[in-house]
Structures are given as C-alpha cells and as structure tokens.
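Summary of structural features
Single-letter residue listing:
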Amino acid sequence: MRITGFKTTPVAVPYRTEEVWAFGRRTGQISVLLELRTDEGVVGLGEAAAYPSAGIVQAVFDSIEPLVVGADPLEIERLIHRIDLVGTWHHVKASSPAISAVEMACWDVLGKTCGQPLVNLLGGRFRDSVEYFYYVARTTPGEVAAEGRRAVEAGFGTCYLKCVHDDPRTDVERVAALRDGAGPDARIRLDANEAWSPGTAVRVARALRPYDLEFLEQPVSGRNLDEMAYVRGRSDIPLLANEASWTRHDQLAVIRAGAADAISADNQADGGLLNLKRSAGLCEAAGLPVVKHSLGELGVALAAATHLIAATPNFRHANQAYGALLSDDVTAGFGGPAGNYRHGHLDVPTGHGLGVELDEEKVARYAELYVHEGKDFSFTDDRHASWPALPKA
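Residues numbered from 1 in each chain as written. Predicted model: local features only at pLDDT ≥ 70, side-chain atom pairs only at ≥ 80, totals over all residues. Heavy atoms only, no water.

Observations regarding the overall build of the protein
Convention followed: Strands are runs of DSSP state E lasting at least 2 residues, helices are runs of H or I lasting at least 4, and numbering of each runs from the N terminus. The reference for a compact globule is 2.2 Å times residues^0.38; the radius of gyration itself is calculated from the C-alpha atoms. Between buried and exposed lies partly exposed: a residue is buried under 20% and exposed over 50% of the maximum accessible area for its type, with that area taken using a 1.4 Å probe on protein chains only. The contact criterion used throughout is that any non-hydrogen atoms of two residues lie within 4.5 Å. Areas reported here follow the Shrake-Rupley algorithm with a probe of radius 1.4 Å; residue values treat only the protein chains shown as occluding.
When helices and strands are tallied, the protein shows twelve helices and twelve strands. By the compact-globule yardstick of 21 Å for 393 residues, the protein fits well, its C-alpha radius of gyration being 20 Å. With 393 residues in all, the protein has 59% of them scored as buried. The contacts of the protein with a sequence gap of at least 6 include a subset with a gap of at least 24, amounting to 75%. Accessible surface for the protein amounts to roughly 15,000 Å². Of this, 50% is attributable to carbon and sulfur atoms.

Brief notes about the sheet that holds strand β3 (residues 43-49)
For the record, the criterion: At least two bridges found by DSSP between two strands is the condition for calling them paired. To obtain each axis, a line is fitted to C-alpha atoms, and for helices this fit is confined to the stretch in contact; angles are then taken between N-to-C directions over 0 to 180 degrees.
Strand order across the open sheet formed by three strands is β1-β2-β3, with antiparallel pairing between neighbours. Either end of the sheet is taken by a strand with one partner, and the two such strands are β1 (3-21) and β3. The average undirected angle you get between the axes of adjacent strands in this sheet is 20°. Direction of pairing for β1 relative to strand β2 (residues 24-38): antiparallel, over a ladder of 14 bridges. Within the sheet, the bridge partner assigned to glycine 5 lies in β2 and is arginine 37. Along the sheet face, helix α12 (residues 360-373) touches β1 and β2 and points at about 70° away from the line of β1.

Observations concerning unusual backbone geometry
The omega torsion across tyrosine 51 and proline 52 is 5°, close enough to zero to call that bond cis. Here proline 52 is to be found in the loop between β3 and α1 (54-68). Even without glycine at this site, glutamate 194 takes up a positive phi of about 70°. Along the chain, the position of glutamate 194 falls in the loop between β7 (187-191) and α7 (198-207). Under the relative-accessibility criterion, glutamate 194 is labelled buried at 15%. One non-glycine residue, histidine 343, lies in positive phi territory at about 55°. For histidine 343, a relative accessible area of 56% gives the class exposed.

So, the sheet that holds strand β10 (residues 262-265)
Two modes of strand pairing occur in sheets, parallel and antiparallel, and in both the strands are linked by backbone hydrogen bonds. Strand order in the open sheet formed by seven strands is β5-β6-β7-β8-β9-β10-β11, and the pairing between neighbours is parallel. Sheet topology places β5 (134-136) and β11 (290-292) at the edges, where each strand pairs with a single neighbour. Pairs of neighbouring strands in the sheet enclose a mean axial angle of 30°, with direction left out of account. With five bridges connecting them, strand β6 (residues 158-162) and β7 associate as parallel partners. Bridging from a neighbouring strand, leucine 161 pairs with leucine 190 of β7.

Concerning the packing of helix α5 (residues 141-153) against helix α6 (residues 168-182)
The angle between the axes and the distance between the axes are what describe a pair of packed helices. Put simply, the rule reads: Handedness of each helix crossing follows the sense of rotation of the near helix against the far helix: counterclockwise by less than a right angle gives left-handed, clockwise gives right-handed. Side-chain classes follow a simple rule in which Ala, Val, Leu, Ile, Met, Phe, Trp, Tyr, Cys and Pro form the nonpolar group, Asp, Glu, Lys and Arg form the charged group, and the remainder, Gly included, forms the polar group.
In contact at an axis separation of 7 Å, α5 and α6 are set at 35° when each is read in the N-to-C sense. Note that α5 runs across α6; the crossing there is right-handed. From α5, Pro141, Val144, Ala145, Gly148, Arg149 and Val152 reach across to α6, where they touch Glu173, Arg174, Ala177, Leu178, Gly181 and Ala182. Taken together, the residues of the contact of α5 with α6 sort by class into seven nonpolar, two polar and three charged.

Quick notes on helix α3 (residues 97-114)
For clarity, the cut-off: Multiplying 1.5 Å by the helix residue count minus one yields the expected span of that helix. Distance and chemistry together define a polar contact, namely a pair of N or O atoms within 3.5 Å, with one atom able to donate a hydrogen and the other to accept it when in protein, and with adjacent residues in sequence counting only for side-chain atoms on both sides.
An ideal rise of 1.5 Å per residue puts 26 Å on 18 residues; α3 measures up with 26 Å between its terminal C-alpha atoms. Among the 18 residues of α3, 15 are classified as buried, and the element is accordingly described as predominantly covered. N-capping of α3 is provided by serine 96, with a side-chain oxygen placed 3.0 Å from the backbone N of alanine 98. Of the residues flanking the end of α3, it is glycine 115, one or two places downstream, whose phi is positive at about 70°.

Section: the environment of alanine 205
Examined against the element boundaries, alanine 205 turns out to sit in helix α7. For alanine 205, a relative accessible area of 2% gives the class buried. Separated by 33 residues in the primary sequence, alanine 205 and proline 238 place their C-alpha atoms 9.9 Å from one another. Those residues in contact with alanine 205 that sit more than four places away from it in its chain are Leu216, Ser235 and Ile237.

Here you go:
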C-alpha cells in the first residue's frame, strides 16, 4: 500500500463562550482536517490543531508532503522517522500538529486495513471509556460558580479553570466561587499558564489551601525547572507540568528535576500517538500519573486520543477536552458539546481505525466560516500585548 496524496481542510467551529486565559482569548476552535489517500482506496483521517496558526500548520503540511507521498502508511515508525530526520524536525523543540495529523491518519488506515478499532492496536482496552474535564471558561466569580453547577449537573467530576487576571487575588476569588458552585466533591484544577513568579506562586498556593485543588498547573515558567521544584517543595497542592513538558525530552528533564507531581503530555506537540504512549511510559517508570493536554481538538483528534488513553493504564485523572466550550463538531456523532459526554466520559469508538467519519455538510459549513471569519478565531489578542510577563511578587 502507498500514500498517493492528501487533502487538507481548515475549519472554524465556534465556542458557546469565549476561552480566556492569562495572556489571551479566542472565540472558537480552528483545526486543519486531513484526508490521507492510498492506492488501495483506504482513506485515513487526521486532524491538526491550528497552533500557532492554520497558515503555519498548512506550510508544514506542504513541506512534508514530498516525504509522505509514496510512503507505506502501515510503516508508521519508518515514516515519522523519515520526517524527523530527512525533514530535520529532530532539531525542533516541539513537532508540528501537522506531523501528528499524518501519523494519526496512518493509524486510521492501519485500523481500517486490519478491521480493528485503534485501541486494539495500541495495547487493547484497559478501560472502556475515558474521562475528560469540564472547561470552566467564564471570568467573574458569579459566572464561574454557575458553570461549576452546570458541570456537576452534566455529570462531570473535574472542573478546569484558567487564571485570567494579573492580580492573583482575583483568581483565588474565582476558585472559591467554583468550589461553592461545584460543591465539595468536585475535583478542581487551576492552570496559571506560567503567569506567576515563584514568590507569587507560593503565596497563591497557600491562599488556595482551603479549596482542595487536585492540581495547580504550570504556575511558573516552564523554562526554569529549578523554579518549579522550588514551588513544588513549598506547596501543598500537587503541581502539574504543562509548558515544561511538551515533548518526551522535556518530560524526562522535569522528572529528573523533581519539578512536578504529574505530567501533561500532548501527541500534537510531540509528533504523534506513539510518542504520547512513550510519554506515559516515562511517567509510569517515574511513578507519576499523566494527563492528556489539548491545543483544542474536534472529533477526529479527540477520537484518536480516546483510543490511546483507553489502552494506557496511568491516565488516572480527567483529561483535557473542549466539550464544555464547543457549540458543534465536524464528525458524525463523536465528541462535540458537553451534552455528548456521559458522566464526563466518552466511550471508546468501536468502528475500525479511529471509528469516526466526517459529517460532510458540517465540514463544508465550517470551512466556509474559516474563510470568512477565521482571523477572529486565532490565539492572538492584542489587548494583552501590554501586560507584564509576570505579576508583582
């Protein structure tokens, strides 16, 4: 079997509410869908988050196309190794989501060719469904409390909240409101996205003690592991590495430095599902749990992640997904809005390969939206350009 070509389609799917974090905001999800064609008529689906932009992701697709066309899609390790070495991606700190999408599509081809769901090819089912968290994206304490109640009523067990203010006291108030709205049994995860200095992080962690957080995610710069270890040694809240742990090489450094209690890993940042499986193995050897990070995923990439997580034991906490924000999806019945989740879980697809199909009408609609309004969905937000890199300690 040989790859004969591929088709890429950027799509823009609106959120029901803005996503807001320490240094930006966006109003929807942009992904580049991939349809990988083969000479035997099997088509593999992939998806790349538009990170840092759809234009850059498309440029990566264009640059690796000569390395992909003509390759055997069943020789996944060989193909990705070729992209890394011949394409010189081994010199880049983090791989493009485009590379991950190619690998994802090859797995879809393999599963369809074998007549097996992807989970069976990645180790078999360790679990039948995968837990995801509820993304609380609102900003005021009143809104946050209401979203916490909404999450619990929808059956989600974990709420995820980003810091959105340069005054950490405001974010402490928002955590208190979330605990009030979600109740005493909900797990709460707070993500600072590197926004704090070490002194601020220690001070805020102490202020957050009464609210029983599951994780404090990346409170300080991911480029200084000594700072992370310093904060970890002075915080009662377990620290989750994210910006510090985008690749397997980064994760190994975090583990060696004793800089985190858990690791966030992402196949779209590190070249594919096989590397995410390797990340989980590193963490398991170190005695640490791993959680799936997301740059924003629609149903194709979410299905791929669900298969892998279901086949890997140490994903013991809720993983990141955008169901609480998305208004719709491009697949026929998988992922999408929170109402499609069952008690915060998604069942592993049972079809061959990824087990999902594109809804062509929705793909066309959101491809058109991307053409006309795509610039409004980007990560860029000039309103934050004058903010300090760190708040005052």
